[in-house]
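# Examination of the molecular architecture
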Amino acid sequence: LQGQHEHAEEVYRRAIALAPVWAPAHANLGALYVEAKRYQEAETTLHRALALAPDDIEVLNNLGLAMQGLGRLDRALEWFRRATAKNPRHAGAHSNLGLVLEELGDSTQAIQAYEQAVTCDPRFYTAHQNLLGALVGLGHVDRAYPLACALLEQPRAETTLPVILSKASSAGLN
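Residues numbered from 1 in each chain as written. Predicted model: local features only at pLDDT ≥ 70, side-chain atom pairs only at ≥ 80, totals over all residues. Heavy atoms only, no water.

Core analysis: the biggest nonpolar cluster contains 48 residues, and Val-59, Leu-131 and Leu-132 have the highest contact counts within it. Other than its neighbours up to four places away in sequence, Val-59 contacts Ala-27, Leu-46, Ala-49 and Leu-50. (Core = buried A, V, L, I, M, F, W, Y, C linked by side-chain atoms within 4.5 Å. Buried < 20%, exposed > 50% of the residue type's maximum accessible area, 1.4 Å probe, protein only. Contact = heavy atoms within 4.5 Å.)

Now the structure itself:
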C-alpha cells in the first residue's frame, strides 16, 4: 500500500504542476494525505482545494478528518458541520460529526448525528455500529438491543460484538 500511496502522490503532484488550478488534484492529494495520516500536509493541501472549489463536500469532510487527526476537535466539528449543512444527505460527514461529538463528550448529539447518517444511507454499516456504541454507552439498551440484533446478523458482525461489549463495559452494563 505504501508504494501505491507514493505513486499516487507523485501523480497528483505532477497534475498540480501541470494544472495548478485543477481542484480535484489538490482534493485527491489531500484525501491521500488524510488516509496516510499526514494530517498537517492534508490540511494545507485541502485548504488549496477549498479555495479552488469552495462547495466540494469531500474537501470539507476531509478537512474535518485532518483536524480530527491533528486533535483539533473544535475545528473538526466546524468542518463536519459545514459539510452537513452544504449536503444534508452526506452520511459520512454525519457519522464523522458524531465521532467528534462523542470525543468531545456530547453523546446525545452524537447519537443524533449517527441517526442522520443511517437515515441518509441505511446500508452504512459503520454508522449503524457507531450509533449502537453510543446508545449502549449511554445505557439506552432498549434502543440498542434491536439494532444490535440486526447488526449481528450482518456478515461483518465479528467487528460489531467487540464494540458492543466495550461500550457496555464502559457504561457499567456488564
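The subject of this paragraph is the pattern of salt bridges. Per the counting criterion, the structure on display carries eight salt bridges. Between Glu-43 and Arg-72 there is a salt bridge, and its shortest N-O distance comes to 3.1 Å. Here the residue Glu-43 occupies a position in helix H3 (residues 39–52), and Arg-72 occupies one in the loop between helix H4 (57–69) and helix H5 (73–86), the gap between them amounting to 29 residues. Assessed through its relative accessible area of 12%, Glu-43 is described here as buried. The salt bridge partner of Lys-86 is Asp-55, with a shortest N-O separation of 2.6 Å. With Lys-86 in helix H5 and Asp-55 in the loop between H3 and H4, this pair connects stretches of sequence that are 31 residues apart. Residues joined in a network through salt bridges with shared partners are Glu-9, Arg-13, Arg-38 and Glu-41. (Salt bridge = Lys/Arg side-chain N within 4 Å of Asp/Glu carboxyl O. Helix = DSSP H or I, 4+ residues; strand = E, 2+ residues; numbered from the N terminus.)

Our next topic: the environment of Leu-50. Note on placement: Leu-50 falls in helix H3. For Leu-50, a relative accessible area of 11% translates into the label buried. Along the backbone, Leu-50 and Ala-23 are 27 residues apart, and their C-alpha atoms lie at a distance of 7.7 Å. Apart from residues lying up to four places away in sequence, Leu-50 is in contact with Val-59, Leu-60, Leu-63, Trp-79 and Arg-82.

Within the element layout of this structure, Gln-154 appears in the loop between helix H9 (141–152) and helix H10 (157–170). Under the relative-accessibility criterion, Gln-154 is labelled partly exposed at 38%. The spacing of Gln-154 and Tyr-125 is 29 residues in sequence and 8.9 Å in space, taken between C-alpha atoms.

Here the focus is helix H2 (residues 23–35). For H2, which comprises 13 residues, the first-to-last C-alpha distance of 18 Å matches the rise-based estimate of 18 Å (1.5 Å per residue) to within 8%. Along H2, the residues classified as buried are Ala-23, Ala-25, His-26, Ala-27, Leu-29, Gly-30, Leu-32, Tyr-33 and Val-34. Backbone geometry just downstream of H2 places Lys-37 in the positive-phi region, at approximately 60°. (Expected span 1.5 Å × (residues − 1).)

Below, the discussion takes up the side chain of Thr-84. Along the polypeptide, Thr-84 turns up in helix H5. At a separation of 3.1 Å, a polar atom in the side chain of Thr-84 contacts the main-chain carbonyl oxygen of Arg-81. Apart from residues no more than four positions distant in its own chain, Thr-84 is found in contact with Ala-93, His-94 and Leu-97. (Polar contact = N/O pair within 3.5 Å; in protein donor to acceptor, adjacent residues only side chain to side chain.)

All right, on to unusual backbone geometry then. Located in the positive-phi region is Lys-37, a residue other than glycine, with phi close to 60°. Of the residues examined, Lys-37 reaches a relative accessible area of 59% and is grouped as exposed.

In this section: the side chain of His-128. Its place among the elements puts His-128 in helix H8 (residues 125–137). Residue class for His-128 comes out buried when judged on its relative accessible area of 15%. Discounting chain neighbours no more than four positions away, the residues touching His-128 are Val-118, Pro-122, Leu-147 and Leu-151.

On to H5. Over its 14 residues, H5 extends 20 Å from the first C-alpha to the last, a length consistent with the 20 Å expected when each residue adds 1.5 Å. Listed as buried for H5 are Leu-73, Ala-76, Leu-77, Trp-79, Phe-80, Ala-83 and Thr-84. Viewed along the axis of H5, the buried residues span an arc of 165°, placing them on a single side of the element. Turned more than 90 degrees away from the buried face of H5 sit Asp-74 and Ala-85, all of them exposed. At its buried positions, H5 is contacted by H3, H4 and helix H6 (91–103). (Arc of directions from axis to C-beta.)

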